[in-house]
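Geometric and topological summary
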Amino acid sequence: MIKKLNELKAGQRGIIVSFKGKGDLKRYLMGMGFVKGADIELRRVAPLGDPVEIRIKGYSISLRKEEAKNIEVNVK
Amino acid sequence: MEKIKIALAGNPNVGKSTLFNQLTGMRQHVGNWPGKTVEKKEGAFRYGDYEIEVVDLPGNYSLSAYSIEEIVSRDYIVDEKPDVIVNVIDAANLERNLYLTVQMMELGANIVLALNMNKFASEKELEIKSNTLYQLLGIPVVKIEASDKTGREDLLNAIVKVSKKPNDVSNRLNYGKELSEHIQQLQEIVEENTLSGAPSSWMAIKLLENDKIIIETVEKTLNGPNILSDVKRIQKHLMEVFGEDADEALADARYGFIAGLIKESVKKPKIDKITRSEYIDRVVTNRYLGIPIFLLIMWLTFQITFTVGAPFQEIVETFFGWLGETIAGIMGTNWFSSLIVDGIIGGVGGVLVFVPIIFLLFLMLSLLEDSGYLARAAFVMDKFMHKIVGLHGKSFIPMILGFGCCVPGIMATRTLENEKDRLLTMLIVPFMSCSARLPVYALFAAAFFTAYQGWVIFSIYILGMIVAILMALIFKKTIFKGMSAPFVMELPPYRRPTIKGALIHTWERGYLFIKKAGTIIFALSVVIWVLSSLPMGVEYASQASVTGQLGTAIAPVFAPLGFGEWQPAVSLLFGVLAKEVVVSTFGTIYGVGEDGGGIMMALHDTFSPLAAYSFMAFVLLYIPCFATVATIKRETNSWKWPIFTILYTTVVAWAVSFIIYQGGSLLGFA
Ligand SMILES: Nc1nc2c(ncn2[C@@H]2O[C@H](COP(=O)(O)OP(=O)(O)O)[C@@H](O)[C@H]2O)c(=O)[nH]1
């Protein structure tokens with residue numbers, strides 16, 4: 001099932017299938033491992049509901065949902 | 001002796017500073033990159049017959065044009081052409097770390113890989129075959145431990161070796177036939193037009209990635225439009241082949257290449273173990289506990305900084321008091337002793353009083369940062385900061401510290417990576433009512449609002465916060481328009497901070513404060529003293545002095561705010577030195593000494609209660625003290641922002657006090 005990254009529940013995992021948009025931020029995130037085919041997990045949501053903690057390429061990174069929504073994940 | 005110029009590069013948090021300190025010891029110089037707010041550390045050391053100069057490049061994940069740090073790093077590699085780049089790598093996080101390595105290879109850097117944090121890698125049960133990695137990349141790979149001297153000799157050996165005989169990495173990077181061909185094609189076009197000093201293949205890649213800086217460079221050249229239309233054509237073709245933009249195809253190709261490297265050179269366990277960090281985070285960023293824990297830690301930081309600091313502060317204060325009296329005693333009362341005692345000791349001493357709390361604060365911040373908690377604090381608070389003021393989660397910490405003292409508050413903005421976030425935070429931190437302003441409120445509240453002292457003072461603090469939020473919103477709509485710094489932040493694993501590391505950090509930052517802020521304060525103190533002592537023969541700081549006359553001249557400006565006499569004007573002028581000086585100036589001017597009911601009685605002749613409240617608001621908001629202004633100068637590395645701060649805070653203070661006084665009068669308060 002394909003979902004936007006910001007819609008994943010805490011603990012859900014999947015594989016990145018697409019990354020929408022253009023520009024520096026996207027390039028930057030791709031550099032941090034957000035490339036097609038990468039394993040990804042939404043670890044947890046911050047106490048106030050945003051941002052979220054993502055696990056990718058063996059490390060943790062936090063993103064706002066705003067940024068996460070451009071990434072589509074095939075949920076396992 | 002032969003010189004070798006090296007630079008340290010790597011992702012944030014991989015132990016780069018630790019290695020830098022280990023290599024250079026105390027022989028280092030901390031400054032800024034020219035024209036940037038990014039910190040630049042340089043140092044030198046001897047190894048055998050070599051004098052090795054080291055530059056610590058900013059911590060980066062990549063070399064795109066995303067942040068100033070990235071631009072600084074790649075410009076350095078292109079323009080300065082260091083002999084060797086030591087790429088420090090977190091062995092526990094090889095895959096992502098190698099992305100930077102690959103980008104530096106594209107840039108033609110002559111690299112030595114220093115694998116650090118090997119202990120954490122073995123905890124994760126990763127086994128890295130450095131020899132295989134070396135053979136695949138054509139780059140020497142050395143295992144080190146930055147925190148002790150493990151691998152130091154091997155590393156230095158490798159550095160000397162590749163400085164003599166640069167690595168041959170041509171054709172190591174393999175991005176697949178299709179991409180390589182088109183990079184090659186574009187590379188030839190770039191070469192025909194002999195563009196800039198950067199490697200042509202790198203320029204080709206950056207053009208394909210739509211890198212804005214490289215595009216700008218090319219646009220300016222004679223044949224620019226043609227080259228760019230070639231770029232467009234190739235991008236379009238790649239889109240047809242790969243079904244994605246060229247920059248995505250490149251990122252995929254790099255990670256693909258890295259995946260190949262990892263497969264050959266790393267043995268890893270089937271499943272990720274749940275790490276200690278994960279267990280800690282389950283508590284520390286927990287839905288219910290996250291915010292209480294954050295508040296508790298902030299409270300502790302604040303308490304430790306200011307309560308532990310207070311007695312030391314008193315010692316410094318007492319010392320300068322004693323020094324002043326002793327000098328006055330020896331030299332008698334003449335202009336020269338007044339210059340030394342009132343001018344220099346008063347001014348510089350007033351700033352050095354901050355040193356104990358600044359060192360403590362930096363110690364606390366280093367511990368929070370090195371342990372990994374700071375990133376969690378930002379994670380927990382981001383939504384709050386983002387919703388209310390459009391700022392980054394990390395801005396919360398400087399603002400809280402501002403309540404103690406704005407100087408460390410402003411210095412704490414260093415933890416913000418984004419320059420605009422940093423500037424904006426610096427501009428609003430001064431509205432957090434620092435502890436130096438409290439004596440002023442205490443005096444006025446006691447004199448005019450006996451029954452409601454606590455509430456009146458509390459309302460001033462709230463007023464400061466409201467103004468800060470409003471100004472942040474205004475700035476976001478005007479000078480920092482269009483900026484919406486995304487919140488992309490690594491949450492590094494928790495690590496036990498080392499005392500040595502924390503002390504080094506503390507010393508580096510604290511020393512800068514003493515050195516740079518000190519010199520500016522010194523100069524300004526002398527200026528103020530001169531103005532208060534001229535013309536010859538007047539009583540220091542009396543109405544007849546230049547300062548007194550200045551006060552008299554500007555006093556009418558304050559009339560609409562309810563305090564148009566010369567005494568408040570002069571005390572505000574002196575208050576710029578340090579805000580508590582407002583109180584002592586009233587003492588001097590009224591000739592009643594600093595404490596006791598004397599000042600209060602005298603104040604009643606000058607102020608009505610409404611005017612008193614308006615004055616308190618003005619003291620809260622107007623020009624932050626010299627130390628703060630000097631710190632902004634030092635942190636932004638320009639005069640633009642400190643001067644802007646002086647002007648805009650004064651305007652804001654005037655406007656707010658005007659509203660308070662005139663509005664209050666209309667409503668019938670007196
Ligand atoms: N165990 C261990 N910790 C290290 C080592 N090198 C650095 N650290 C710790 O890792 C953290 C980040 O190091 P730092 O040098 O500030 O990283 P930088 O951001 O790359 O400059 C600090 O808490 C260091 O004490 C190492 O070789 N072993």
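Residues numbered from 1 in each chain as written. Chains lettered and ligands numbered in written order. Predicted model: local features only at pLDDT ≥ 70, side-chain atom pairs only at ≥ 80, totals over all residues. Heavy atoms only, no water.

**Considerations on the pairing of strand 5 (residues 59-63) of chain A**
To keep things clear, this is the line we draw: Between buried and exposed lies partly exposed: a residue is buried under 20% and exposed over 50% of the maximum accessible area for its type, with that area taken using a 1.4 Å probe on protein chains only. Here a helix means four or more residues in a row that DSSP labels H or I, a strand means two or more in a row labelled E, and each is numbered from the N terminus. Strands qualify as paired when DSSP identifies two bridges or more between them.
The element strand 5 of chain A is largely enclosed, with a buried count of 5 among its 5 residues. Neither face of strand 5 of chain A is exposed, since Tyr 59, Ile 61 and Leu 63 of chain A on one face and Ser 60 and Ser 62 of chain A on the opposite face are all buried. As judged from the 5 bridges shared by strand 4 (residues 52-56) of chain A and strand 5 of chain A, these two strands associate in the antiparallel manner. Bridge pairing in strand 5 of chain A places Val 52 of chain A opposite Leu 63 of chain A. As consecutive antiparallel partners, strand 4 of chain A and strand 5 of chain A are separated by 2 residues, and within that stretch Lys 57 of chain A has a phi angle of approximately 50°, a positive value. Judged from the 2 bridges that link them, strand 5 of chain A and strand 10 (residues 489-490) of chain B form a sheet pairing that is antiparallel. Bridging from a neighbouring strand, Ile 61 of chain A pairs with Glu 490 of chain B of strand 10 of chain B.

**A few points about the packing of helix 13 (residues 290-331) of chain B against helix 16 (residues 373-389) of chain B**
Residues and elements named next belong to chain B. Spelled out, the test is: Axis geometry follows a simple rule: fit a line to the C-alpha atoms, using only the stretch in contact for helices, then measure angles between N-to-C directions, giving values from 0 to 180 degrees. The cut-offs work like this: below 35 degrees is roughly parallel, past 145 is roughly antiparallel, 65 to 115 is roughly perpendicular, and the gaps in between are oblique. By definition, turning the near helix anticlockwise from the far helix through less than a right angle yields a left-handed crossing, and turning it clockwise yields a right-handed one. Two residues form a contact once any of their heavy atoms are found within 4.5 Å. Residues are sorted three ways: Asp, Glu, Lys and Arg are charged, Ala, Val, Leu, Ile, Met, Phe, Trp, Tyr, Cys and Pro are nonpolar, and all the rest, Gly among them, are polar.
Relative to each other, helix 13 and helix 16 sit at 125°, their axes nearing to 10 Å. One element, helix 13, and the other, helix 16, form an angle in the oblique class. As for the relative orientation of helix 13 and helix 16, their crossing is left-handed in sense. Contact residues: helix 13 offers Gly 290, Ile 291, Ile 293, Phe 294 and Ile 297, while helix 16 offers Tyr 373, Ala 377, Val 380 and Met 381. The residue makeup of the contact of helix 13 with helix 16, split by class, is 8 nonpolar, 1 polar and no charged.

**Digging into the interface of chain B and chain A**
Rules: A pair is scored as a salt bridge if a Lys or Arg side-chain nitrogen falls within 4 Å of a carboxyl oxygen belonging to Asp or Glu. In the analysis that follows, any N or O atom pair within 3.5 Å is treated as a polar contact, provided that within protein one partner can donate a hydrogen and the other can accept it, and provided that, for residues neighboring in sequence, both atoms belong to side chains.
Across the contact, 43 residues belong to chain B and 35 residues belong to chain A. Applying the counting rule to chain B against chain A returns 9 salt bridges. Measuring nitrogen to oxygen at the nearest pair gives 3.0 Å for the salt bridge that ties Asp 247 of chain B to Arg 27 of chain A. Inspection of the region where chain B meets chain A yields 19 residue pairs in polar contact (both at pLDDT 80 or more). Looking at the side of chain B that touches chain A, the elements that each hand over two or more residues are helix 3 (94-106), helix 11 (246-265), helix 12 (276-284), helix 13, helix 16 and strand 10 of chain B. Of the residues forming the side of chain B that touches chain A, the biggest block, 6 residues, is contributed by helix 16 of chain B.

**What to know about the site of the ligand**
Residues and elements named next belong to chain B. Rule in force here: Near, as used in this document, describes a residue that has one of its heavy atoms within 4 Å of the molecule or strand being considered. Areas reported as accessible are Shrake-Rupley estimates using a 1.4 Å probe. Residue values count occlusion only from the protein chains shown. An automatic or database domain assignment supplies the residue ranges for each domain.
Not every one of the 16 residues close to the ligand is listed here, only the nearest: Asn 13, Lys 16, Ser 17, Thr 18 and Asn 116. Separating an oxygen atom of the ligand from a backbone N or O atom of Asn 13 is a distance of 2.8 Å. Contacts to the ligand include Ala 146, whose backbone N or O atom sits 2.9 Å from an oxygen atom. A total of 580 Å² of accessible area belongs to the ligand in isolation, and the protein chains cover 88% of it. Among the elements that take part in the shell around the ligand, helix 1 (residues 16-24) stands out by supplying 3 residues, more than any other. Taken together, the residues of the shell around the ligand break down into 5 nonpolar, 7 polar and 4 charged. Lining the shell around the ligand are residues from two domains, each supplying at least three of them: domain 1 (2-170) and domain 3 (307-666).

**Structural notes on the nonpolar core**
Generally speaking, nonpolar side chains in soluble globular proteins are found buried as a group. The line we're drawing: Among buried residues, the Ala, Val, Leu, Ile, Met, Phe, Trp, Tyr and Cys ones that are joined through side-chain atoms within 4.5 Å form a nonpolar core.
Ranked by internal contacts, the top residues of the largest apolar core, which has 101 residues, are Phe 444, Phe 607 and Phe 615 of chain B. Other than its neighbours up to four places away in sequence, Phe 444 of chain B contacts Phe 449, Phe 586, Leu 603, Phe 607, Ala 612, Phe 615 and Met 616 of chain B. In this structure, Leu 5 of chain A together with Leu 98, Met 203 and Leu 238 of chain B belong to the second largest nonpolar core, which totals 93 residues.

**What to know about helix 23 (residues 546-558) of chain B**
An α-helix turns once every 3.6 residues. As a result, residues three or four positions apart point the same way. Residues and elements named next belong to chain B. To be explicit about the condition: The span expected for a helix works out to 1.5 Å for each residue beyond the first. Note on bend: the value at a residue is the angle between axes fitted to the seven residues ending there and to the seven starting there.
Given a rise of 1.5 Å per residue, 13 residues ought to cover 18 Å, and the 19 Å separating the end C-alpha atoms of helix 23 matches this to within 8%. A maximum bend of about 30° is found in helix 23 at Thr 552, where proline Pro 556 lies one to four positions downstream. By the burial criterion, the buried members of helix 23 are Thr 547, Gly 548, Gly 551, Ala 555 and Phe 558.

**With respect to the pairing of strand 4 of chain A**
All names here are of chain A. Burial within strand 4 is extensive, with 5 of its 5 residues counted as buried. Burial of the side chains of strand 4 extends over both faces: Val 52, Ile 54 and Ile 56 are buried on one face and Glu 53 and Arg 55 on the other. Where strand 3 (residues 39-45) and strand 4 come together, 5 bridges link them in antiparallel fashion. Directly across from Ile 40, in strand 4, lies its bridge partner Ile 56. Here strand 3 hands over to strand 4 after 6 residues, with Gly 49 in that stretch at a positive phi of 100°.

**Considerations on the sheet that holds strand 10 of chain B**
The strands making up a sheet associate through backbone hydrogen bonding, with each pair oriented either parallel or antiparallel. Reading across the sheet, the 7 strands line up as 1(A)-6(A)-2(A)-3(A)-4(A)-5(A)-10(B) and stay open at both edges, with antiparallel pairing between neighbours. If you trace the sheet from one side to the other, it starts and ends with strand 1 (2-4) of chain A together with strand 10 of chain B, each paired once.

**Details of the environment of Leu 296 of chain B**
All names here are of chain B. Mapped onto the fold, Leu 296 is located in helix 13. On the basis of relative accessibility, which here comes to 49%, the residue Leu 296 falls in the partly exposed class. Remark: the alpha-carbon pair of Leu 296 and Thr 413, spanning 117 residues in sequence, is separated by 21 Å.

**A few points about the state of the cysteines**
Residues and elements named next belong to chain B. Applicable threshold: Disulfide assignment relies on a single distance test, namely cysteine sulfur atoms paired within 2.5 Å.
Scanning the entire structure with this criterion turns up 0 disulfides over all chains. Looking at the unpaired Cys 406, the closest cysteine sulfur is the one in Cys 434, lying at 4.8 Å. Looking at Cys 434, the relative accessible area reads 9%, which means it is buried.

**Quick word on helix 13 of chain B**
Residue and element names in this part refer to chain B. Taking 1.5 Å as the rise per residue, helix 13 with 42 residues should run 62 Å; its terminal C-alpha atoms sit 60 Å apart, in good agreement. Of all the bends in helix 13, the greatest, near 40°, is centred on Ala 310, and the proline Pro 311 appears no more than four residues after it. Among all positions in helix 13, only Gly 290, Phe 294, Met 298, Thr 301, Thr 305, Phe 306, Gly 309, Gln 313, Val 316, Phe 320 and Gly 324 are buried. Trailing helix 13 by a residue or two, Gly 332 shows a phi angle of about 75°, which is positive.

**Description of the environment of Glu 248 of chain B**
Within the element layout of this structure, Glu 248 of chain B appears in helix 11. Take Glu 248 of chain B: its relative accessible area is 9%, and that puts it in the buried class. On a C-alpha basis, the gap between Glu 248 of chain B and Glu 325 of chain B in space is 70 Å, while along the polypeptide they are 77 residues apart. Residues contacting Glu 248 of chain B, with those up to four places away along its chain left out, are Phe 19, Lys 26, Met 30 and Lys 36 of chain A.

**Some thoughts on the domain arrangement of chain B**
Interface extent is often summarised as the accessible area lost during association of the parts. All names here are of chain B. Domain assignment breaks chain B into domain 1 (2-170), domain 2 (174-269) and domain 3 (307-666). Here domain 1 and domain 3 have C-alpha centroids that lie 40 Å from each other. With 21 residues of domain 1 in contact, the opposing surface of domain 3 contributes 15 residues. In this structure, the connection of domain 1 to domain 3 is made through 2 salt bridges. Here Asp 90 and Arg 495 are joined by a salt bridge, their closest N and O atoms 3.8 Å apart. The interface formed by domain 1 and domain 3 holds 3 residue pairs in polar contact (both at pLDDT 80 or more) in total. Looking at the side of domain 1 that touches domain 3, the elements with two or more residues in it are strand 2 (28-32), strand 3 (39-47) and helix 2 (68-80).

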